[in-house]
Amino acid sequence: MIDRKLPSFLNGPVLLAPMTGVTDLPFRQTVMSYGAGIAFTEMIASSELLRERRKECRRLKASQADGFYAVQLAGFDPTIVAEAARFVEGEGAQLIDLNFGCPSKFVVGFQCGSALMRDPSLIGRLVAAVRAVVSVPVTAKMRTGWDDKSRNAPDVARIVEDCGAEMVTVHGRTRAQFYKGKADWSYVAEVKAAISIPVIVNGDIENATDARAALAQSGADGVMIGRGALGRPWVLRQIADDLSGRDYRAPSFDAAWLTMRDHYAASLEHYGADLGAKIVRKHLAAYAEELGVSDDLRDGLLRTEDPHAVMRILDSPPHDFRRAG
(Lines give C-alpha, C1' and ligand atoms only; values in the text may rest on other atoms or scores of the structure.)
Protein backbone atom coordinates (compact mmCIF):
# COMPACT_ATOMS: atom_id res chain seq x y z
CA MET A 1 0.00 0.00 0.00
CA ILE A 2 1.25 3.46 -0.85
CA ASP A 3 2.00 5.64 2.18
CA ARG A 4 0.24 8.98 1.80
CA LYS A 5 0.09 12.14 3.83
CA LEU A 6 -3.46 13.32 3.32
CA PRO A 7 -5.03 16.31 5.08
CA SER A 8 -7.86 15.58 7.47
CA PHE A 9 -10.45 17.22 5.23
CA LEU A 10 -10.01 14.57 2.51
CA ASN A 11 -12.01 11.35 2.60
CA GLY A 12 -9.52 9.63 0.33
CA PRO A 13 -6.69 10.10 -2.16
CA VAL A 14 -8.82 10.60 -5.30
CA LEU A 15 -10.29 14.05 -5.94
CA LEU A 16 -12.61 15.45 -8.59
CA ALA A 17 -11.07 18.44 -10.34
CA PRO A 18 -12.89 21.77 -10.64
CA MET A 19 -14.00 22.06 -14.28
CA THR A 20 -15.95 25.00 -15.65
CA GLY A 21 -19.15 23.85 -17.29
CA VAL A 22 -18.70 20.33 -15.91
CA THR A 23 -18.50 20.08 -12.11
CA ASP A 24 -21.84 21.66 -11.39
CA LEU A 25 -24.04 20.50 -8.53
CA PRO A 26 -25.73 17.63 -10.42
CA PHE A 27 -22.40 16.17 -11.55
CA ARG A 28 -20.78 16.56 -8.13
CA GLN A 29 -23.74 14.80 -6.54
CA THR A 30 -23.42 11.98 -9.05
CA VAL A 31 -19.70 11.52 -8.43
CA MET A 32 -20.09 11.71 -4.66
CA SER A 33 -22.84 9.10 -4.76
CA TYR A 34 -20.13 6.64 -5.77
CA GLY A 35 -17.56 8.07 -3.36
CA ALA A 36 -14.64 10.45 -3.83
CA GLY A 37 -12.09 12.17 -1.64
CA ILE A 38 -13.61 15.53 -2.48
CA ALA A 39 -15.44 17.18 -5.38
CA PHE A 40 -14.69 20.82 -6.19
CA THR A 41 -17.17 23.30 -7.59
CA GLU A 42 -16.67 24.87 -10.96
CA MET A 43 -14.22 27.76 -10.92
CA ILE A 44 -16.06 30.84 -9.64
CA ALA A 45 -14.97 34.35 -10.63
CA SER A 46 -14.61 36.32 -7.39
CA SER A 47 -15.53 39.71 -8.83
CA GLU A 48 -18.60 38.34 -10.62
CA LEU A 49 -19.75 36.53 -7.50
CA LEU A 50 -19.59 39.75 -5.47
CA ARG A 51 -21.69 41.43 -8.15
CA GLU A 52 -24.20 38.61 -7.58
CA ARG A 53 -24.09 37.54 -11.18
CA ARG A 54 -26.62 34.77 -11.62
CA LYS A 55 -24.26 32.26 -13.24
CA GLU A 56 -21.63 32.54 -10.49
CA CYS A 57 -24.22 32.30 -7.72
CA ARG A 58 -25.66 29.18 -9.34
CA ARG A 59 -22.19 27.62 -9.43
CA LEU A 60 -21.96 28.19 -5.69
CA LYS A 61 -24.99 26.05 -4.89
CA ALA A 62 -24.35 22.96 -2.84
CA SER A 63 -26.22 20.24 -1.01
CA GLN A 64 -25.52 17.64 1.63
CA ALA A 65 -24.74 15.24 -1.22
CA ASP A 66 -21.59 17.27 -1.91
CA GLY A 67 -20.06 15.81 1.21
CA PHE A 68 -17.21 18.13 2.14
CA TYR A 69 -18.11 21.36 0.34
CA ALA A 70 -15.07 22.71 -1.55
CA VAL A 71 -15.29 25.93 -3.58
CA GLN A 72 -12.73 27.13 -6.11
CA LEU A 73 -12.26 30.86 -6.60
CA ALA A 74 -10.41 32.80 -9.29
CA GLY A 75 -9.25 36.40 -9.30
CA PHE A 76 -6.21 38.66 -9.26
CA ASP A 77 -7.10 41.35 -6.70
CA PRO A 78 -6.34 40.17 -3.13
CA THR A 79 -9.01 42.40 -1.61
CA ILE A 80 -11.74 41.13 -3.94
CA VAL A 81 -10.73 37.48 -3.70
CA ALA A 82 -10.57 37.71 0.09
CA GLU A 83 -14.04 39.25 0.20
CA ALA A 84 -15.36 36.49 -2.07
CA ALA A 85 -13.73 33.90 0.18
CA ARG A 86 -15.38 35.42 3.24
CA PHE A 87 -18.71 35.33 1.41
CA VAL A 88 -18.48 31.69 0.32
CA GLU A 89 -17.44 30.61 3.80
CA GLY A 90 -20.59 32.30 5.04
CA GLU A 91 -22.54 30.31 2.45
CA GLY A 92 -21.22 27.06 3.89
CA ALA A 93 -17.93 26.42 2.06
CA GLN A 94 -15.70 24.10 4.08
CA LEU A 95 -12.63 24.59 1.91
CA ILE A 96 -11.51 27.34 -0.46
CA ASP A 97 -9.24 26.52 -3.38
CA LEU A 98 -7.51 29.29 -5.32
CA ASN A 99 -7.07 28.89 -9.07
CA PHE A 100 -3.60 29.58 -10.43
CA GLY A 101 -3.85 27.04 -13.23
CA CYS A 102 -6.70 27.72 -15.66
CA PRO A 103 -5.17 28.16 -19.15
CA SER A 104 -8.27 29.66 -20.81
CA LYS A 105 -7.47 32.67 -22.98
CA PHE A 106 -10.46 34.45 -21.49
CA VAL A 107 -9.32 33.85 -17.90
CA VAL A 108 -5.67 34.60 -18.64
CA GLY A 109 -6.74 37.78 -20.42
CA PHE A 110 -8.02 39.06 -17.09
CA GLN A 111 -4.65 38.18 -15.48
CA CYS A 112 -6.23 35.30 -13.57
CA GLY A 113 -5.68 31.55 -13.56
CA SER A 114 -2.32 30.45 -14.92
CA ALA A 115 -1.39 34.05 -15.81
CA LEU A 116 -0.56 34.39 -12.11
CA MET A 117 2.28 31.87 -12.47
CA ARG A 118 4.23 34.82 -13.93
CA ASP A 119 3.76 36.78 -10.68
CA PRO A 120 4.56 34.54 -7.68
CA SER A 121 4.55 37.46 -5.25
CA LEU A 122 0.94 38.26 -6.20
CA ILE A 123 0.04 34.62 -5.67
CA GLY A 124 1.48 34.93 -2.19
CA ARG A 125 -0.57 38.04 -1.48
CA LEU A 126 -3.72 36.32 -2.71
CA VAL A 127 -3.22 33.29 -0.46
CA ALA A 128 -2.30 35.44 2.52
CA ALA A 129 -5.32 37.70 2.02
CA VAL A 130 -7.72 34.75 1.93
CA ARG A 131 -6.01 32.98 4.82
CA ALA A 132 -6.43 36.13 6.94
CA VAL A 133 -10.22 36.28 6.62
CA VAL A 134 -11.43 32.66 6.66
CA SER A 135 -11.21 29.85 9.18
CA VAL A 136 -11.61 26.98 6.71
CA PRO A 137 -8.69 25.30 4.92
CA VAL A 138 -7.18 27.15 1.95
CA THR A 139 -5.61 25.23 -0.93
CA ALA A 140 -4.20 26.10 -4.35
CA LYS A 141 -4.20 24.57 -7.81
CA MET A 142 -1.49 25.49 -10.30
CA ARG A 143 0.35 24.44 -13.43
CA THR A 144 4.05 23.62 -13.65
CA GLY A 145 4.67 27.15 -14.93
CA TRP A 146 3.84 29.58 -17.71
CA ASP A 147 5.97 27.83 -20.35
CA ASP A 148 8.94 25.46 -20.61
CA LYS A 149 11.38 28.32 -19.95
CA SER A 150 9.67 29.29 -16.70
CA ARG A 151 8.57 26.15 -14.91
CA ASN A 152 8.45 27.59 -11.42
CA ALA A 153 5.87 25.48 -9.62
CA PRO A 154 8.27 24.46 -6.79
CA ASP A 155 9.01 28.11 -5.98
CA VAL A 156 5.34 29.08 -6.22
CA ALA A 157 4.39 26.13 -3.99
CA ARG A 158 6.87 27.27 -1.34
CA ILE A 159 5.29 30.73 -1.38
CA VAL A 160 1.80 29.24 -1.18
CA GLU A 161 2.80 27.10 1.80
CA ASP A 162 4.51 30.00 3.58
CA CYS A 163 1.34 32.09 3.16
CA GLY A 164 -0.85 29.52 4.83
CA ALA A 165 -2.15 27.07 2.21
CA GLU A 166 -2.75 23.52 3.42
CA MET A 167 -2.53 21.61 0.14
CA VAL A 168 -1.29 22.14 -3.42
CA THR A 169 -2.53 20.50 -6.61
CA VAL A 170 -0.27 20.58 -9.66
CA HIS A 171 -1.43 19.92 -13.21
CA GLY A 172 1.63 18.54 -14.97
CA ARG A 173 1.56 20.94 -17.91
CA THR A 174 2.59 24.55 -18.48
CA ARG A 175 0.04 27.12 -19.49
CA ALA A 176 1.58 27.23 -22.97
CA GLN A 177 0.69 23.56 -23.44
CA PHE A 178 -3.01 24.04 -22.65
CA TYR A 179 -4.08 20.36 -22.81
CA LYS A 180 -1.65 19.24 -25.51
CA GLY A 181 1.19 16.80 -25.09
CA LYS A 182 1.49 14.62 -21.99
CA ALA A 183 1.27 15.76 -18.40
CA ASP A 184 4.71 15.61 -16.77
CA TRP A 185 4.02 13.74 -13.55
CA SER A 186 7.73 13.43 -12.75
CA TYR A 187 8.11 17.22 -12.55
CA VAL A 188 5.53 17.27 -9.77
CA ALA A 189 8.13 15.40 -7.68
CA GLU A 190 10.11 18.66 -7.55
CA VAL A 191 7.10 20.37 -6.02
CA LYS A 192 6.68 17.53 -3.54
CA ALA A 193 10.33 17.86 -2.51
CA ALA A 194 10.03 21.63 -2.07
CA ILE A 195 7.18 21.75 0.46
CA SER A 196 5.89 19.88 3.49
CA ILE A 197 2.13 20.21 2.88
CA PRO A 198 0.32 17.52 0.84
CA VAL A 199 0.64 17.58 -2.95
CA ILE A 200 -1.95 16.27 -5.40
CA VAL A 201 -0.96 15.34 -8.96
CA ASN A 202 -3.33 16.14 -11.85
CA GLY A 203 -3.42 15.70 -15.61
CA ASP A 204 -4.08 12.69 -17.91
CA ILE A 205 -5.18 10.41 -15.07
CA GLU A 206 -8.11 8.38 -16.33
CA ASN A 207 -7.84 5.00 -14.62
CA ALA A 208 -6.12 3.10 -11.85
CA THR A 209 -3.08 2.31 -13.98
CA ASP A 210 -2.59 6.00 -14.70
CA ALA A 211 -3.08 6.85 -11.04
CA ARG A 212 -0.46 4.38 -9.88
CA ALA A 213 2.02 5.67 -12.46
CA ALA A 214 1.32 9.31 -11.57
CA LEU A 215 1.81 8.64 -7.87
CA ALA A 216 4.99 6.64 -8.48
CA GLN A 217 6.54 9.32 -10.70
CA SER A 218 5.46 12.32 -8.63
CA GLY A 219 5.61 11.02 -5.09
CA ALA A 220 2.34 12.91 -4.60
CA ASP A 221 -0.12 12.20 -1.82
CA GLY A 222 -3.17 11.86 -4.05
CA VAL A 223 -4.52 12.21 -7.56
CA MET A 224 -7.06 14.56 -9.09
CA ILE A 225 -9.30 13.33 -11.90
CA GLY A 226 -10.66 15.75 -14.47
CA ARG A 227 -11.97 14.88 -17.93
CA GLY A 228 -11.55 11.16 -17.22
CA ALA A 229 -14.64 11.30 -15.01
CA LEU A 230 -16.96 12.42 -17.82
CA GLY A 231 -19.42 9.62 -18.48
CA ARG A 232 -17.74 7.59 -15.72
CA PRO A 233 -18.62 9.17 -12.37
CA TRP A 234 -17.78 5.86 -10.71
CA VAL A 235 -14.14 5.96 -11.85
CA LEU A 236 -12.94 7.88 -8.79
CA ARG A 237 -14.24 5.14 -6.50
CA GLN A 238 -12.73 2.54 -8.81
CA ILE A 239 -9.30 4.19 -8.61
CA ALA A 240 -9.50 4.68 -4.84
CA ASP A 241 -10.38 1.03 -4.31
CA ASP A 242 -7.51 -0.10 -6.52
CA LEU A 243 -5.03 2.09 -4.66
CA SER A 244 -6.26 0.61 -1.38
CA GLY A 245 -6.02 -2.96 -2.62
CA ARG A 246 -9.78 -3.48 -2.71
CA ASP A 247 -11.66 -5.13 -5.55
CA TYR A 248 -14.09 -2.91 -7.37
CA ARG A 249 -16.75 -3.97 -9.83
CA ALA A 250 -17.88 -1.30 -12.26
CA PRO A 251 -21.65 -0.77 -12.35
CA SER A 252 -23.70 -2.96 -14.64
CA PHE A 253 -25.22 -1.44 -17.76
CA ASP A 254 -28.57 -1.06 -16.01
CA ALA A 255 -26.98 0.60 -12.96
CA ALA A 256 -24.93 2.96 -15.15
CA TRP A 257 -28.02 3.78 -17.20
CA LEU A 258 -29.88 4.65 -14.01
CA THR A 259 -26.98 6.92 -13.00
CA MET A 260 -27.25 8.70 -16.35
CA ARG A 261 -31.01 9.01 -15.94
CA ASP A 262 -30.74 10.44 -12.42
CA HIS A 263 -27.98 12.85 -13.49
CA TYR A 264 -30.16 14.13 -16.34
CA ALA A 265 -33.17 14.56 -14.05
CA ALA A 266 -31.05 16.43 -11.48
CA SER A 267 -29.82 18.81 -14.18
CA LEU A 268 -33.36 19.61 -15.29
CA GLU A 269 -34.30 20.31 -11.68
CA HIS A 270 -31.19 22.41 -10.99
CA TYR A 271 -31.32 24.64 -14.08
CA GLY A 272 -34.87 24.31 -15.33
CA ALA A 273 -35.82 21.97 -18.16
CA ASP A 274 -34.66 23.94 -21.20
CA LEU A 275 -31.31 25.18 -19.88
CA GLY A 276 -30.64 21.98 -17.99
CA ALA A 277 -31.14 19.86 -21.12
CA LYS A 278 -28.55 21.93 -22.98
CA ILE A 279 -25.96 21.94 -20.19
CA VAL A 280 -26.19 18.21 -19.46
CA ARG A 281 -25.93 17.18 -23.12
CA LYS A 282 -22.13 16.88 -22.94
CA HIS A 283 -22.58 14.41 -20.10
CA LEU A 284 -25.16 12.38 -22.04
CA ALA A 285 -22.70 12.13 -24.94
CA ALA A 286 -19.98 10.89 -22.60
CA TYR A 287 -22.28 8.33 -20.97
CA ALA A 288 -23.43 7.10 -24.39
CA GLU A 289 -19.82 6.63 -25.50
CA GLU A 290 -18.85 4.85 -22.29
CA LEU A 291 -21.87 2.54 -22.42
CA GLY A 292 -21.39 1.78 -26.11
CA VAL A 293 -25.02 2.39 -27.04
CA SER A 294 -26.20 2.11 -30.64
CA ASP A 295 -25.98 5.11 -32.93
CA ASP A 296 -29.77 5.33 -33.15
CA LEU A 297 -30.11 5.41 -29.39
CA ARG A 298 -27.31 7.95 -29.05
CA ASP A 299 -28.99 10.18 -31.63
CA GLY A 300 -32.26 9.90 -29.75
CA LEU A 301 -30.59 11.06 -26.55
CA LEU A 302 -28.58 13.90 -28.05
CA ARG A 303 -30.73 15.23 -30.88
CA THR A 304 -34.14 15.18 -29.24
CA GLU A 305 -34.97 18.77 -28.36
CA ASP A 306 -37.78 18.08 -25.89
CA PRO A 307 -36.22 17.22 -22.49
CA HIS A 308 -39.37 15.37 -21.47
CA ALA A 309 -39.02 13.13 -24.51
CA VAL A 310 -35.39 12.44 -23.52
CA MET A 311 -36.60 11.54 -20.03
CA ARG A 312 -39.01 9.02 -21.54
CA ILE A 313 -36.07 7.37 -23.31
CA LEU A 314 -34.05 7.37 -20.10
CA ASP A 315 -36.94 5.91 -18.13
CA SER A 316 -36.79 2.76 -20.28
CA PRO A 317 -33.34 1.13 -20.34
CA PRO A 318 -32.91 -0.70 -23.66
CA HIS A 319 -32.36 -4.44 -23.86
CA ASP A 320 -30.54 -4.39 -27.20
CA PHE A 321 -28.31 -1.37 -26.77
CA ARG A 322 -24.86 -2.18 -28.13
CA ARG A 323 -23.32 -0.42 -31.08
CA ALA A 324 -23.08 -2.68 -34.13
CA GLY A 325 -19.61 -4.17 -34.67
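Structure shown above.
Cut-offs used in this document
- Residues numbered from 1 in each chain as written.
- Predicted model: local features only at pLDDT ≥ 70, side-chain atom pairs only at ≥ 80, totals over all residues.
- Heavy atoms only, no water.
- Axes fitted to C-alpha atoms, helices over the stretch in contact; angles between N-to-C directions.
- Helix = DSSP H or I, 4+ residues; strand = E, 2+ residues; numbered from the N terminus.
- Parallel < 35°, antiparallel > 145°, perpendicular 65-115°, else oblique.
- Left-handed = near helix turned anticlockwise from the far one by under 90°.
- Contact = heavy atoms within 4.5 Å.
- Nonpolar A, V, L, I, M, F, W, Y, C, P; charged D, E, K, R; others polar.
- Phe/Tyr/Trp six-rings, centres within 6.5 Å; stacked < 30°, edge-to-face > 60°.
- Buried < 20%, exposed > 50% of the residue type's maximum accessible area, 1.4 Å probe, protein only.
- Pairing = 2+ DSSP bridges.
- Expected span 1.5 Å × (residues − 1).
- Salt bridge = Lys/Arg side-chain N within 4 Å of Asp/Glu carboxyl O.

Colleague: Would you take a moment to explain the packing of helix α8 (residues 185-194) against helix α9 (residues 208-218) for this structure?
Modeller: Each packed pair of helices is defined by two parameters, the angle between the axes and the distance between the axes. Direction vectors running N to C along α8 and α9 enclose 45°, while the axes themselves pass 7 Å from each other. What the angle tells us is that α8 and α9 run oblique. Here α8 runs over α9; the crossing is right-handed. Side by side, α8 and α9 meet where Trp185, Ser186, Val188, Ala189 and Lys192 of the first sit next to Asp210, Ala213, Ala214, Gln217 and Ser218 of the second. Taken together, the residues that form the contact of α8 with α9 break down as five nonpolar, three polar and two charged.

Colleague: What am I meant to see in the packing of aromatic side chains here?
Modeller: Aromatic ring pairs are described here by two measures, namely the spacing of the ring centres and the angle between the planes. In this structure the tally under the stated criterion is three aromatic pairs. Judged by centre distance (5.8 Å) and plane angle (65°), the ring pair of Tyr34 and Trp234 falls under edge-to-face. Taken together, the residues span a long stretch of sequence, with Tyr34 in helix α1 (residues 25-34) and Trp234 in the loop between β8 (222-225) and α10 (235-243) at a distance of 200 residues. In this structure, Tyr34 and Trp234 share a single accessibility class: buried. Between Phe253 and Trp257 the ring centres are 5.7 Å apart and the planes differ by 35°, which places this aromatic pair in the tilted class.

Colleague: When you look at the pairing of strand β4 (residues 95-100) in this model, what are you seeing that I'm missing?
Modeller: Along any regular strand the residues' side chains alternate between the sheet's two faces. Buried residues dominate β4, accounting for six of its six residues. The alternating pattern of β4 places Leu95, Asp97 and Asn99 and Ile96, Leu98 and Phe100 on opposite faces, both of which are buried. Bridging between strand β3 (residues 69-74) and β4 involves four bridges; their strand directions are parallel. Counterpart to Val71 in the pairing with β4 is Ile96.

Colleague: Where do I start with the environment of Arg237 in this structure?
Modeller: Along the chain, the position of Arg237 falls in helix α10. Residue class for Arg237 comes out partly exposed when judged on its relative accessible area of 36%. In sequence terms Arg237 and Val31 are 206 residues apart; their C-alpha atoms lie 8.6 Å from each other.

Colleague: Teacher, can you tell me more about the sheet that holds strand β1 (residues 14-16) here?
Modeller: Adjacent strands of a sheet form backbone hydrogen bonds with each other and so pair up, either parallel or antiparallel. Taken in spatial order, the eight strands of this closed barrel run β1-β2-β3-β4-β5-β6-β7-β8, and their pairing is parallel. Strand-to-strand twist in this sheet, taken as the mean axis angle between neighbours without regard to direction, amounts to 30°. Sheet analysis places strand β6 (residues 167-174) next to strand β7 (residues 199-202), joined by four bridges and oriented parallel. Bridge assignment links His171 to a residue of β7, and that residue is Asn202. Helix α4 (residues 78-90) contacts β3 and β4 of the sheet and is inclined by roughly 160° relative to β3. Sitting on the sheet, helix α7 (residues 153-162) is in contact with β4, β5 (138-145) and β6, with an inclination near 165° to β5.

Colleague: Where do I start with helix α11 (residues 253-271) in this structure?
Modeller: Note that an α-helix has 3.6 residues per turn; residues three or four places apart therefore point the same way. For α11, spanning 19 residues, the distance from its first C-alpha to its last is 27 Å, which sits close to the expected 27 Å at 1.5 Å a residue. Here α11 has its buried residues at Phe253, Ala256, Trp257, Thr259, Met260, His263, Tyr264, Ala266, Ser267, Leu268, His270 and Tyr271. One or two positions beyond α11, positive phi appears at Gly272, with a value near 95°.

Colleague: Teacher, can you tell me more about the pattern of salt bridges here?
Modeller: Pairing of side chains with opposite charge becomes possible as their charged atoms draw close. Scanning all chains against the criterion turns up 16 salt bridges. Glu166 is paired through a salt bridge with Arg131; the nearest N and O atoms lie 3.3 Å apart. Taken together, the residues span a long stretch of sequence, with Glu166 in the loop between α7 and β6 and Arg131 in helix α6 (residues 120-133) at a distance of 35 residues. According to the relative accessible area criterion, Glu166 is partly exposed, its value standing at 33%. Between Arg261 and Asp262 there is a salt bridge, and its shortest N-O distance comes to 3.5 Å. By relative accessible area, Asp262 is classed as partly exposed at 39%. Members of the salt-bridge network, linked through shared partners, are Glu42, Glu56 and Arg59.

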